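Examination of the molecular architecture
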Amino acid sequence: MIKAELHCHIEGATPPALAARLAAKYGIDLSRYLADGRYLWHDFSSFIACYAAIANVFRSEEDFAALAEAYLIELAAENTIYAELFVSPEQGLAAGLSKDGYMRAITAGIEAARDKTGIEARMVMIGERHMGPEQVEGAARYAVSCDFPLLTGFNMAGDERMGRVDDFGRAFDIARDGGLGITIHAGEVCGAFSVRDALDRVRPDRIGHGVRAVEEPDLVRRLADEGVVLEVCPGSNIALSVYPDFAAHPLRRLFDAGVKVTLNSDDPPFFHTSLAREYEAARDEMGFSTDEIDMMTRTAIEAAFVDEPTRERLLSRFAG
Ligand SMILES: Nc1ncnc2[nH]cnc12
Ligand SMILES: [Zn+2]
């Protein structure tokens, strides 16, 4: 089955064995965050802290390039034709590189994977909500001024409980005015109000998660009517205790209500998942037919932050 992914934080795709190898190479103590091949966290805040620690083991352009290349090659091996990677150039600064050096590295990883497998990929710039409006605006300004053609979108991740969407509105205005596709994490840790705020202030093309919109029927209807695409990450939601299990997850209710939904892995090894496992769970645990899953993949390509010839080429893979 053909697959596509719109929502994966690239440092969040770091295999634990790679994190351990780089930590040993650079003399970094990860014992609070990684043991017995598993990442150590127990709630959203400790997940964010663990994520930051793991992202810090990358110290060279080669490290970042190898991560992106390896992740995309793994996706391609599971018949994934398109992926968007969430990127954080400030991670380059933390590594003693430059933001451009980081972007160059992820670009190199994408190009290497495309040369080897044909997988198409783009980058989406991340601002971190818990770092405050200045950081998020800075990320947007860098995104619209840097010169990396594979960077096609802007997103805000991080702790949804920090501030209100309005505090970050200018960052999205900058990104939109600069021609970037717009998506925002909302309705994951916080409830329906957060999705409504995002729709009202940011007018996003897509929403990261968004699943807690299900708590308000009017909001579900609004998502369906406005055609906003949800980047749904069921395994992530279960790992972070947003829902107890796949049976309780609202993906099916949103789909049946006519909301445009897609399947994604978020930070796969942190949540003991992969894009392939999310597809399997949709079929085996959430009762989606092959045709319905294909619909979700098609939705992902239709909502991808790509130029129209690329979209047409990707959509042609569904012919027949
Ligand atoms: N699931 C998630 N929610 C918010 N910020 C994140 N950063 C990495 N993964 C995230
Ligand atoms: Zn995410």
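Residues numbered from 1 in each chain as written. Chains lettered and ligands numbered in written order. Predicted model: local features only at pLDDT ≥ 70, side-chain atom pairs only at ≥ 80, totals over all residues. Heavy atoms only, no water.

Here we have eight strands laid out as an open sheet, ordered β1-β4-β5-β6-β7-β8-β9-β10, and parallel in their pairing. Two strands bound the open sheet, and with one partner strand each, they are β1 (3–9) and β10 (260–263). For this sheet the average axis-to-axis angle between neighbouring strands, irrespective of direction, equals 25 degrees. Here strand β9 (residues 229–232) pairs with β10 via four bridges, running parallel. Paired with Leu230 across the two strands is Val261, which belongs to β10. The strands that helix α3 (residues 61–77) touches are β1, β4 (80–87) and β5 (120–128); relative to β4, the one it contacts most, it runs at about 150 degrees. (Pairing = 2+ DSSP bridges. Helix = DSSP H or I, 4+ residues; strand = E, 2+ residues; numbered from the N terminus. Axes fitted to C-alpha atoms, helices over the stretch in contact; angles between N-to-C directions. Contact = heavy atoms within 4.5 Å.)

As a general feature of sheets, a regular strand has side chains that alternate between the two faces. Of all six residues in strand β7 (residues 181–186), six are buried, a share of seventy percent or more. Side-chain alternation along β7 places Gly181, Thr183 and His185 on one buried face and Ile182, Ile184 and Ala186 on a second face that is also buried. Relative to β7, strand β6 (residues 151–157) runs parallel, the two being bridged by two bridges. Counterpart to Gly153 in the pairing with β7 is Gly181. Traced from β6 through helix α7 (residues 169–177) to β7, the parallel crossover comes out right-handed. Bridge count between β7 and strand β8 (residues 206–209): four bridges; the pairing is parallel. (Buried < 20%, exposed > 50% of the residue type's maximum accessible area, 1.4 Å probe, protein only. Right-handed = clockwise from strand over helix to strand, strands pointing away.)

Another point: the packing of aromatic side chains. Counting across every chain of the model gives 12 aromatic pairs. On the numbers, 4.8 Å between centres and 65 degrees between planes, the contact of Phe64 with Tyr102 is edge-to-face. With Phe64 in helix α3 and Tyr102 in helix α5 (residues 99–117), this pair connects stretches of sequence that are 38 residues apart. Note on accessibility: Phe64 and Tyr102 belong to one class, buried. Ring geometry for Phe154 versus Phe172: centroids 5.3 Å apart, planes at 75 degrees, classification edge-to-face. Of the two residues, Phe154 is situated in strand β6 and Phe172 in helix α7; the sequence distance between them amounts to 18 residues. Exposure remark for Phe154: the relative accessible area of 0% places this residue in the buried category. (Phe/Tyr/Trp six-rings, centres within 6.5 Å; stacked < 30°, edge-to-face > 60°.)

With that settled, consider the side chain of Glu84. Mapped onto the secondary structure, Glu84 falls in strand β4. You can call Glu84 buried: its relative accessible area is 0%. In this structure the side chain of Glu84 is engaged in a polar contact, spanning 2.6 Å, whose partner is the side chain of Tyr82. Discounting chain neighbours no more than four positions away, the residues touching Glu84 are Glu5, Leu6, His7, Cys8, Arg122, Val124, Arg206, Ala304 and Phe305. (Polar contact = N/O pair within 3.5 Å; in protein donor to acceptor, adjacent residues only side chain to side chain.)

Another aspect to go through is the UniProt feature "binding site: Zn(2+)" (unreviewed entry) in the protein. Using the residue numbers shown here, the UniProt feature "binding site: Zn(2+)" (unreviewed entry) corresponds to His7, His9, His185 and Asp266. Of the residues just listed, which span 260 residues, no C-alpha pair is farther apart than 11.9 Å, and they cluster in one region. Locating His185 in the fold gives a position in strand β7. When residues no more than four places from it in sequence are discounted, the contact partners of His185 are His7, His9, Phe86, Asn155, Met156, Ala157, Glu160, Gly208, His209 and Asp266. Of note is the side chain of His185, whose polar atom sits 3.1 Å from the side chain of His7. (UniProt positions renumbered as here; feature names shortened; annotations may be inferred.)

In the first shell of the zinc ion (ligand 2), the protein supplies His7 (NE2), His9 (NE2), His185 (NE2) and Asp266 (OD), at 2.1 to 2.3 Å from the metal. For the zinc ion (ligand 2), the four donor atoms in the first shell make angles of 85 to 170 degrees at the metal, so the coordination geometry reads as irregular. All donors of the zinc ion (ligand 2) come from a single chain, and their spacing in sequence reads H-x1-H-x175-H-x80-D. With a gap of 81 residues between them, His185 in strand β7 and Asp266 in the loop between β10 and α12 (275–284) connect regions that are remote in the sequence. Of the residues examined, His185 reaches a relative accessible area of 6% and is grouped as buried. (Donors = N, O, S within 2.8 Å, 3.2 Å for Na, K, Ca; no water. Tetrahedral: all angles 85-135°; square planar, octahedral: opposite > 155°, others 65-115°.)

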